[in-house]
Amino acid sequence: MNATVIGSQLGDEGKGGIVDVFAGDADIVVRYQGGANAGHTVAHDGETYELRLLPSGVVQGAVGVLGNGCVVDLSVLFAELDALRERGISPDVRIDARAHVVLPYHRALDSIEETARGETGDTVGTTGNGIGPAYEDKAGRRGVRAGDLVASGPHDGQLDALVSRKRRLVEAITDGDAASIAVDGSDVTSSAADSTAPFDADAIAETLREWGERLDAENMVVDTGAFLTASHHDGKSIVFEGAQGTHIDVDHGTYPFVTSSNPTLGGAITGTGVDPSIVAGGHVIGVVKSYLSRVGNGPMPTELAERRADEVRELVGAFGTVTGRPRRIGWLDLPMLRHATRVNGFTGLAITHVDTLAEFDGLRLCTAYELDGERVETIPATRSAWERCEPIYESMATWAPQDWDAVAQTGYGAIPDAARTYLETVAEALDVPLVAVGVGPGREATVVLANPLDEARSLDRGSDTRPIVPRDESAT
């Protein structure tokens, strides 16, 4: 049995922790989209691992794969690998030959273009890691792929043409000379792990050569579709891991305040090259943060007023893993979750951060919107309509702080009654069974009701078996 783990909101749901929980029973964990703009935090045995590119399951010993749908900053990837090895973890990581490479000028362009958008008041809130420009080059047929680096690499004429094009673009945006852009201390420099000047073709060529040599020496480049298909037929379990969340999907999210790829279920197919049945035949787990948060701009009808949001941020530590920026905070939004359920076909829910709500002095759950005088129960398709939506709330009872370690050890029945009511209200509203509840940041702080890698298709909606209550009666 395979499983796909997808963020149901705006990213930041705790997907990495849920993947880490189930990765103990997985042979392979594959990231199918996104790049170093994705921050996954995994905690275990008192250690915290903040990952940007590596699939979360590598901490558990699963083979990690970056699919063709990813755009990969190899300087970040190698730095992450080296950091884990220094901490005693030696992950087995593969990268698809078709995965596009984030180059130094992509990061420069990301920051420059976001600054230009700011002049019109329409910033997206990009992380500045070059993800959007790399995907633009992929769609424009101007990209460099990982497989190119272990073959002959881009020839000099090709790279010269690419860099020349980017220079002209920067000069048009900034009314300046790209060659004069500062390298040190500038917002448009490359990442800390790679000091290559962003518009120096010779320096970039040397960096690509070094990257290619390391990829080749560590035998990292594979055909992901063939590798995963063979593994599946050999009986190995695969977890497909989405980055970001459903509502920043480039097609199904809060466009234009979105990422440049598809975190939704379809992305797991196009981003790995497997037979669709390998994905669709497994479970699809929607990860839901018990409140709402996001890094970046865009509509957010349930957003808290700034003073209240500041209080909550301090309680829950709501700051971006990659950016460190303060996250925007809102109440849980069922219209968003209904949209995510339809788009992805969730067969199970993992609801996280239940422990943090114990600090709240009252809870509200958005059950629907009022849009132009009418009640709507899912999100509208356009930004302008979503911005006009007014949330309709239901008040929910809160619960007291607990010894959450003890709750996790005991099981679902030890979760406070009010919290279980909250959880089951969400699961029943979506008609999707609850399979896991996060009551803390560590792997041991997740109450697992049903493991999708163990379960038959009994988790499907419409089944008589609905594990909204624990299967182990001794836990109640």
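Residues numbered from 1 in each chain as written. Predicted model: local features only at pLDDT ≥ 70, side-chain atom pairs only at ≥ 80, totals over all residues. Heavy atoms only, no water.

*Asks:* Outline the overall build of the protein chain, supporting the account with residue identities and numerical values.
*Replies:* For the protein chain, the helix and strand inventory stands at 15 helices and 20 strands. The buried share of the protein chain, reckoned over its 476 residues, is 55%. Taking as baseline every contact in the protein chain between residues at least 6 positions apart, the subset at least 24 positions apart corresponds to 75%. For the protein chain, the computed accessible surface area is about 18,600 Å², with 45% contributed by carbon and sulfur atoms. (Helix = DSSP H or I, 4+ residues; strand = E, 2+ residues; numbered from the N terminus. Buried < 20%, exposed > 50% of the residue type's maximum accessible area, 1.4 Å probe, protein only. Contact = heavy atoms within 4.5 Å. Areas by Shrake-Rupley, 256 points an atom, 1.4 Å probe, with all protein chains shown as cover.)

*Asks:* Run through the packing of aromatic side chains, naming residues and quoting values.
*Replies:* For the coordinates displayed, the defined rule picks out three aromatic pairs. Centroid distance tyrosine 291 to phenylalanine 360: 6.3 Å. Interplanar angle 40 degrees. Geometry classified as tilted. Linking tyrosine 291 in the loop between β11 (283–289) and β12 (292–294) with phenylalanine 360 in the loop between β15 (348–352) and β16 (363–371), this pair joins segments that are 69 residues apart in sequence. Owing to a relative accessible area of 2%, tyrosine 291 belongs among the buried residues under this scheme. On the numbers, 5.9 Å between centres and 70 degrees between planes, the contact of tryptophan 331 with phenylalanine 360 is edge-to-face. Here the residue tryptophan 331 occupies a position in the loop between β13 (328–330) and β14 (332–333), and phenylalanine 360 occupies one in the loop between β15 and β16, the gap between them amounting to 29 residues. Pair check on accessibility: tryptophan 331 and phenylalanine 360 agree, each one buried. Members of the aromatic cluster, connected to one another through ring pairs, are Tyr291, Trp331 and Phe360. (Phe/Tyr/Trp six-rings, centres within 6.5 Å; stacked < 30°, edge-to-face > 60°.)

*Asks:* So what's going on with the sheet that holds β15? Residues and values would help.
*Replies:* Reading across from one edge, β9-β7-β5-β2-β10-β1-β11-β15-β19-β20 is the order of the ten strands in this open sheet, with mixed pairing throughout. The open sheet has two edge strands, β9 (221–222) and β20 (446–448), and neither has a second partner. For strand β19 (residues 434–438) and β20, the ladder comprises three bridges, and the chain directions are antiparallel. Counted as the bridge partner of glycine 438 is threonine 446 from β20. With respect to the sheet, helix α1 (residues 15–23) is in contact with β1 (3–7), β2 (28–31), β10 (238–241), β11, β15, β19 and β20, its orientation differing from that of β1 by roughly 165 degrees. (Pairing = 2+ DSSP bridges. Axes fitted to C-alpha atoms, helices over the stretch in contact; angles between N-to-C directions.)

*Asks:* Describe helix α7 (residues 201–217), naming the residues involved and giving the relevant values.
*Replies:* Within an α-helix, residues lying three or four positions from one another point in the same direction, as the helix has 3.6 residues per turn. The terminal C-alpha atoms of α7, which comprises 17 residues, lie 24 Å apart, in line with the 24 Å expected from a rise of 1.5 Å per residue. Turning to α7, its buried residues are Ala201, Ile204, Thr207, Leu208, Trp211, Gly212 and Leu215. Buried residues in α7, looked at end-on, bunch into an arc of 140 degrees, giving them a common side. Turned more than 90 degrees away from the buried face of α7 sit Asp202 and Ala217, all of them exposed. The N-terminus of α7 is capped by aspartate 200, whose side-chain oxygen sits 3.1 Å from the backbone nitrogen of aspartate 202. Two residues or fewer past α7, asparagine 219 is found with a positive phi of approximately 55 degrees. (Expected span 1.5 Å × (residues − 1). Arc of directions from axis to C-beta. Polar contact = N/O pair within 3.5 Å; in protein donor to acceptor, adjacent residues only side chain to side chain.)

*Asks:* Explain the side chain of serine 56 to me, using residue names and the numbers behind them.
*Replies:* Position of serine 56 among the secondary structure elements: in the loop between β4 (47–51) and β5 (63–66). Not counting the four nearest positions on each side in its chain, serine 56 is found in contact with Gly16, Val19, Asp20, His40, Val42, Leu51 and Glu241.

*Asks:* Hey, could you go over the packing of helix α2 (residues 74–86) against α7 for me, with residue numbers and the actual values?
*Replies:* Packing of α2 against α7 brings their axes to within 11 Å, and their N-to-C directions diverge by 45 degrees. In terms of axis orientation, α2 runs oblique to α7. α7 is crossed by α2, and the crossing has left-handed handedness. In this structure, α2 contributes Leu74, Ser75, Phe78, Leu81, Asp82 and Arg85 to the contact, and α7 contributes Trp211, Arg214 and Leu215. Among the residues making up the contact of α2 with α7, the classes are represented as five nonpolar, one polar and three charged. (Parallel < 35°, antiparallel > 145°, perpendicular 65-115°, else oblique. Left-handed = near helix turned anticlockwise from the far one by under 90°. Nonpolar A, V, L, I, M, F, W, Y, C, P; charged D, E, K, R; others polar.)

*Asks:* Any details on the nonpolar core? Residues and values, ideally.
*Replies:* One finds Phe240, Leu349, Trp399 and Val437 to be the most contacted residues of the largest nonpolar core, which totals 56 residues. With seven residues, helix α15 (residues 417–430) is the single largest residue contributor to this core. Non-local contacts of tryptophan 399, meaning those with residues more than four positions away in its chain, are made with Val354, Leu357, Ala358, Leu363, Trp404, Pro416, Ala418, Ala419 and Tyr422. If you look at the next biggest cluster of nonpolar residues, it comprises 40 residues, including Leu74, Val93, Phe199 and Met220. (Core = buried A, V, L, I, M, F, W, Y, C linked by side-chain atoms within 4.5 Å.)

*Asks:* Let's hear about the pairing of β10: which residues, and what values?
*Replies:* Residues Ile238 and Phe240 of β10 are buried on one face, and the alternating residues Val239 and Glu241, pointing to the opposite face, are buried as well. Alignment of β1 against β10, held across three bridges, turns out to be parallel. Looking at β10, one finds that valine 5 is bridged to glutamate 241. Bridge count for β2 against β10 is four bridges, and the pairing is parallel. Looking across to β10, one finds that valine 30 is bridged to phenylalanine 240.

*Asks:* Give a description of unusual backbone geometry that names residues and reports values.
*Replies:* A cis geometry characterises the amide bond from tyrosine 255 onward to proline 256, with omega recorded as 10 degrees. Here proline 256 lies in the loop between β10 and α9 (265–270). Despite not being glycine, histidine 353 shows a phi value in the positive range, around 65 degrees. Along the polypeptide, histidine 353 turns up in the loop between β15 and β16.

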